[in-house]
Amino acid sequence: MTTIISDPKTPCTDVDPFSRDVLEDPLPFQSELRAAGPVVYLNKYDVYAMGRYGEVQAALTDWQTFQSAAGVGLSNFRKEMPWRPPSLLLEADPPHHDAPRALLTKILGPREIRKLAESWTADAEELVDQVLSRGPEFDAVADVAAAFPLRVFPDAVGIPQAGRENLLPYGDHAFNAFGPPNELVAKGAARVPELSASIASQCAREVLTTDGFGAQIWAAADRGDITEAQAPLIVRSLLTAGVDTTVNGLAAVLYAFATNPGQWARLRDNPALSRTAFDEAVRFESPVQTFFRTTTRDIEVGGTLIPEGRKILMFLGSANRDPRRWDNPDTFDLNRDPSGHVGFGFGIHQCVGQHIARLEASTLLEVLARRIESIEFCGPTRRHHNNTLRAWQSLPVRVKTSSTFTRK
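Residues numbered from 1 in each chain as written. Predicted model: local features only at pLDDT ≥ 70, side-chain atom pairs only at ≥ 80, totals over all residues. Heavy atoms only, no water.

> What is the right way to look at empty space enclosed by the protein in this model?
Empty space among the atoms becomes apparent when a probe as large as a water molecule is rolled across them. Enumeration according to the criterion identifies 4 cavities of 30 Å³ or more in this entry. Taken as a whole, the largest cavity holds about 720 Å³ of empty space. As for the largest cavity, its lining consists of 46 residues, and the residues nearest its centre are Leu-90, Ala-241, Thr-245, Cys-351 and Val-352. Those elements that place two or more of their residues in the lining of the largest cavity are α5 (98-107), α10 (167-176), α14 (230-241), α15 (244-258), α17 (274-285), β6 (290-295) and α19 (354-371). A per-class count over the lining of the largest cavity returns 27 nonpolar, 14 polar and 5 charged. Estimated volume of the second largest cavity: approximately 130 Å³. Contributing to the lining of the second largest cavity are 15 residues, with Pro-17, Leu-23, Pro-26, Gln-289 and Thr-290 lying nearest its centre. Broken down by secondary-structure element, the contributors of at least two residues to the lining of the second largest cavity are α1 (20-24) and α2 (27-36). For the lining of the second largest cavity, the residue count by class is 8 nonpolar, 6 polar and 1 charged. (1 Å grid on protein atoms, 1.4 Å probe; cavity = no way out; pocket = protein on both sides within 12 Å on 5 of 7 lines; lining within 4 Å. Points joined across faces, edges and corners; volume = space filled by probe spheres on them. Helix = DSSP H or I, 4+ residues; strand = E, 2+ residues; numbered from the N terminus. Nonpolar A, V, L, I, M, F, W, Y, C, P; charged D, E, K, R; others polar.)

Below you can see the structure in the form of structure tokens.
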């Protein structure tokens, strides 16, 4: 590869941020990235990178200069991902982005999803009862963090039971494909036709229940708010991005509490901190670590001239640990106000389902806080590697249950 840098003063690195070592523990690399400068050139991929909060937040906000329409992965999705239609939310800019975004902002708004709280509390209590009935030791990922979203979110969308087992593998491959064509992408390639067909079939009007988010999306097509062709793509976007990220966010907060027992005690004393805890965990662990943008014009950032048409790798996880923005950023702290983190993105492309994720997390955490006095690891933890996501494969824990439990 020929490396061409407009400004020879731009710091460069040969480190591969998608290597196994960095995916296992990205924090040392991210620290070096921030220290190197506001913009760093990645020699291996011929792209520019930003790891400091100020530059990442500003670029995410400036969609006119740092566009998503060319794809939020390393490669142009039209060339590299023929199996997946582009997301009308992540990979579109105004005006094509406007109608789908406005629709989901309404459907998934705080007021609209509040009606789910009671039934989700019942689902959380039933799930926690089932897990604790098997004993004090369980895997916080498989038994809780993955089980709860897969229990409640597909019901809310209105998809059938058959095929739900494909949601996580499909999402895992989709997020892997935003990165380079490495072994993680190759690992999932064999199942792409099967998984893609399964997800597509669940987006059709006739298979969705009449009372879920999916039905509301199709009703919007009937009203003319969106086109009929857009409706299944918007449902698909929900299914692609609405499970894996929440699973990893829940795993992140449970990991944070298992390693910070004093913070768990604080949550038990004040369950109203559950939403703060989830957002602090999203800042602390950043389940979505990276996304790409493409410049629409020459622009100078931090003294570096980035030419038009160049890929920019935004390190959301690094920005969320930037000491220029956060005091003691490597500490999980419920005293912190984590608002302003970029774990859900920022600007017009900020995660439209974040209110759903917060409701899932706060509901589950409040139930767990009433039932469990303490939580600690009882075995080795294992990461799950993904080119975009920071995830856990296994978090074996041992808990002590409360002797004074009462249902809400």
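After that view of the structure, there is still more to cover.
> I'm lost on the nonpolar core in this one. Help?
As a rule of thumb, soluble globular proteins bury nonpolar side chains together. Counting 80 residues, the largest nonpolar core has Phe-213, Ile-217 and Phe-257 as its most contacted members. For Ile-217, the contacting residues outside a window of four places in its chain are Leu-103, Leu-104, Ile-107, Ile-226, Ala-231, Ile-234, Val-235 and Leu-238. Residues Phe-66, Ile-306, Leu-316 and Leu-389 belong to the second largest nonpolar core, which totals 24 residues. (Core = buried A, V, L, I, M, F, W, Y, C linked by side-chain atoms within 4.5 Å. Buried < 20%, exposed > 50% of the residue type's maximum accessible area, 1.4 Å probe, protein only. Contact = heavy atoms within 4.5 Å.)

> I keep staring at the environment of Ala-231 and nothing clicks. Help me out?
By the element assignment, Ala-231 lies in helix α14. When its relative accessible area of 0% is taken as the criterion, Ala-231 is described as buried. Residues Ala-231 and Ala-220, spaced 11 residues apart in sequence, show a C-alpha to C-alpha distance of 8.1 Å. Contact partners of Ala-231, with chain neighbours within four places excluded, come to Ile-217, Trp-218, Ala-221 and Ile-226.

> What should I look at first to understand the packing of aromatic side chains in this one?
We describe a pair of aromatic rings using the distance from one ring centre to the other and the angle between the two ring planes. In total, this model carries 13 aromatic pairs according to the counting rule given. Consider the rings of Tyr-255 and Phe-377, whose centres lie 5.9 Å apart with planes at 35°: the pair is tilted. One end of the pair, Tyr-255, is in helix α15; the other, Phe-377, is in strand β10 (residues 372-377), with 122 residues separating them in the sequence. When the ring of Phe-257 is compared with that of Trp-264, the centres are 5.1 Å apart and the planes differ by 75°; the resulting orientation is edge-to-face. Both residues of the pair, Phe-257 and Trp-264, belong to the buried class. Among the aromatic residues, those joined into a cluster by ring pairs are Phe-257, Trp-264, Phe-284 and Phe-332. The side chain of Arg-325 reaches across the aromatic face of Trp-326, ending 4.0 Å from its centre. Lying over the aromatic face of Trp-392, Arg-383 brings its terminal NZ or CZ to 3.5 Å of the ring centre. (Phe/Tyr/Trp six-rings, centres within 6.5 Å; stacked < 30°, edge-to-face > 60°. Lys NZ or Arg CZ within 6 Å of the ring centre and 35° of its normal.)

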